[in-house]
Amino acid sequence: MNVSSLLIRHARILLADGKWLTGDVLVRDERIVEIAANITTTDVSREIDATGLILLPGIIDPQVHFREPGLEHKEDLTTASHACAKGGVTSFLEMPNTNPLTITQAALDDKLDRASQKSIVNYGFFIGATPANLPDIRSATPTCGIKVFMGSAHGDLLVGTAAVLEPIFAQGDRLIAVHAEDQARINQRKQEFAGITDPAIHSQIQDNQAALNATQLALDLSKKYQRRLHILHLSTAEEVELLRQDKPAWVTAEVTPQHLVLNTDAYAKIGTLAQMNPPLRSHHDNQVLWAGLLDGTIDFIATDHAPHTLAEKAKGYPNTPSGMPGVETALPVMLTQAVAGKCSIEQVSNWMSTAVAKAYNIPNKGSISIGYDADLVLVDVENYHPVERKDIVSKCGWSPFEGWNLTGYPVYTIVNGNIVYEKGAIRSTIKGKALRFDRSA
Ligand code: DOR
């Protein structure tokens, strides 16, 4: 009996070329070694009968805020990685707005060490840019890239003006991922709308123009220096239209499921739970974001999982923090859209796995291919059930999608050949691995 082997039988397998095969996948020593209609070996330590389930490459979530160190009352690497396993997320890229901020090699090393002890899925971390840490952002390793908050950040992480951004774009060659909001415009509009406590005003204070101004500036700097740029959580029709006209080959963009399927109507239903940065927009923005995703202007999907406690969310606008959780719901939200005909399951898998691995140069992931790491998710697109607060694993304990009747929930999630989630049960003894980022790719 081979001790580290897994045979998945009778699955509907999404192959690397986009074709489907009903059959079996054999995993040995953490990698996919065989894909065939019928694998006859019995020398395996575990078999899964996946009849009726779809096998996809595991989700790679390229924008999450997991709060450790320093903000563990909202989330930590244990609870967050459990939520990932439940949501089919087998790898994540985490943001630097923790406490301390991830702006030095020492802080990056500390996160990697914590994740190696706690995370049951694979992990990578951004290094944050400040107005004063150019040497750190150039030399830090391993990292998926440099996170630049052009807006919606406080203190050292705010890098809002062209003068401060210029040397960051000019020096070095690694990926720069921008949170594109114009902080000067936001500050001015905060004063104009001061005293309004209806959270719906959030989308007017941090308006479409604030997002467009910053995206335009980042794009201009990226073109000036031919610098690899990734625009995080695109939220407006105007940004899609800008990029559709003018998107160099070295620029990528992402969108969140919530910016695709939620809009400003959500404030009336869930109040400050709908408050995030960049804010939810109009129904028209939803439609143009979908069109941009479908025509390739937007490259992939990230959750921007940004949990806050219900007590924090109850403080009353504008004292409430922005952000919502997402890793548990993103895949079912998107697969429900696919089953409803909005897009295909193949496209969802590309946007949530294959295209992310390509953009961040993560070798050996994002595809069901021989020799690839066995990061896999088996989903059920036949049955529907509602998102319920009692089922949420994230420490924040709520979801903006409560009550949504979804399909495409993970039944098994597999990380490096190990089952980390099986029909509701999380296997917390498994540990994920640090992702590699191939800078020469
Ligand atoms: O809404 C948000 N919340 N957007 C971000 O970019 C940051 C995040 C957080 O960390 O809470």
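Our structure is the block above this text.
As the structure is a prediction and not an experimental result, all values here were calculated from the model.

Rules used throughout
Residues numbered from 1 in each chain as written. Predicted model: local features only at pLDDT ≥ 70, side-chain atom pairs only at ≥ 80, totals over all residues. Heavy atoms only, no water. Near = heavy atom within 4 Å. Polar contact = N/O pair within 3.5 Å; in protein donor to acceptor, adjacent residues only side chain to side chain. Nonpolar A, V, L, I, M, F, W, Y, C, P; charged D, E, K, R; others polar. Pairing = 2+ DSSP bridges. Helix = DSSP H or I, 4+ residues; strand = E, 2+ residues; numbered from the N terminus. Core = buried A, V, L, I, M, F, W, Y, C linked by side-chain atoms within 4.5 Å. Buried < 20%, exposed > 50% of the residue type's maximum accessible area, 1.4 Å probe, protein only. Contact = heavy atoms within 4.5 Å. Right-handed = clockwise from strand over helix to strand, strands pointing away.

### Digging into the site of the ligand
What surrounds the ligand is the set His-65, Arg-67, Asn-97, His-179, His-233, Met-276, Asn-277, Asp-304, Ala-306, His-308, Ser-322 and Gly-323. With respect to the ligand, the side chain of His-65 contributes an N or O atom lying 3.4 Å from an oxygen atom. In the model, an oxygen atom of the ligand is placed 2.8 Å from a nitrogen or oxygen of the Asn-97 side chain. The class makeup of the residues in the shell around the ligand is two nonpolar, eight polar and two charged.

### Comments concerning the sheet that holds strand E13 (residues 251-255)
Hydrogen bonds along the backbone pair up the strands of a sheet, which may run parallel or antiparallel. Strand order in the open sheet formed by six strands is E9-E10-E11-E12-E13-E14, and the pairing between neighbours is parallel. A strand with exactly one partner marks an edge of an open sheet, and here the two such strands are strand E9 (127-128) and strand E14 (300-301). With four bridges joining them, strand E10 (residues 146-149) and strand E11 (residues 176-179) adopt parallel strand pairing. Of the residues in E11, the one forming a bridge with Lys-147 is Ala-177.

### Quick notes on unusual backbone geometry
Of note, the amide linkage connecting Glu-68 to Pro-69 takes the cis form, showing an omega dihedral of 10 degrees. Mapped onto the elements of the fold, Pro-69 is located in the loop between strand E6 (59-64) and helix H1 (77-87). In this chain, Asn-277 is followed by Pro-278 through a cis amide linkage whose omega measures -10 degrees. Mapping Pro-278 onto the fold places it in the loop between helix H10 (266-270) and helix H11 (283-294). The phi dihedral of Arg-67 falls on the positive side, at around 70 degrees, and the residue is not glycine. If you trace the backbone, Arg-67 turns up in the loop between E6 and H1.

### Observations regarding the nonpolar core
Ranked by internal contacts, the top residues of the largest apolar core, which has 91 residues, are Phe-92, Val-148, Val-178, Leu-260 and Met-352. Broken down by element, this core gets its largest block of residues, six residues, from helix H13 (residues 330-339). Leaving out residues up to four positions away in the same chain, Phe-92 has contacts with Asp-61, Val-64, Phe-66, Leu-77, Cys-84, Ser-119, Val-121, Asn-122, Tyr-123, Gly-124, Phe-125 and Leu-435. Core analysis: the next-biggest nonpolar cluster, separate from the first, contains 19 residues, Ile-32, Ala-50, Val-411 and Ile-419 among them.

### What to know about the pairing of E11
Residues Ile-176 and Val-178 of E11 are buried on one face, and the alternating residues Ala-177 and His-179, pointing to the opposite face, are buried as well. In this fold, E10 hands off to helix H4 (residues 162-170), which returns the chain to E11; that crossover is right-handed. The pairing of E11 with strand E12 (residues 229-231) spans three bridges and is parallel. Looking at the pairing, Ile-176 lines up with Leu-229 of E12.

### Thoughts on H1
Where burial is concerned, most of H1 is hidden: 10 out of the 11 residues are buried. Looking at H1, one finds that the buried residues are Leu-77, Thr-79, Ala-80, Ser-81, His-82, Ala-83, Cys-84, Ala-85, Lys-86 and Gly-87. Contacts made by the buried residues of H1 are with strand E7 (89-94), helix H2 (105-118), H13, strand E18 (409-415), strand E19 (418-422) and strand E20 (425-426). A distance of 2.8 Å separates the backbone nitrogen of Thr-78 from a side-chain oxygen at the start of H1, and that oxygen is part of Asp-76. Positioned one or two residues after H1, Gly-88 has a phi angle of 80 degrees, which is positive.

The quantities given are spatial measurements derived from coordinates; they are silent on function.
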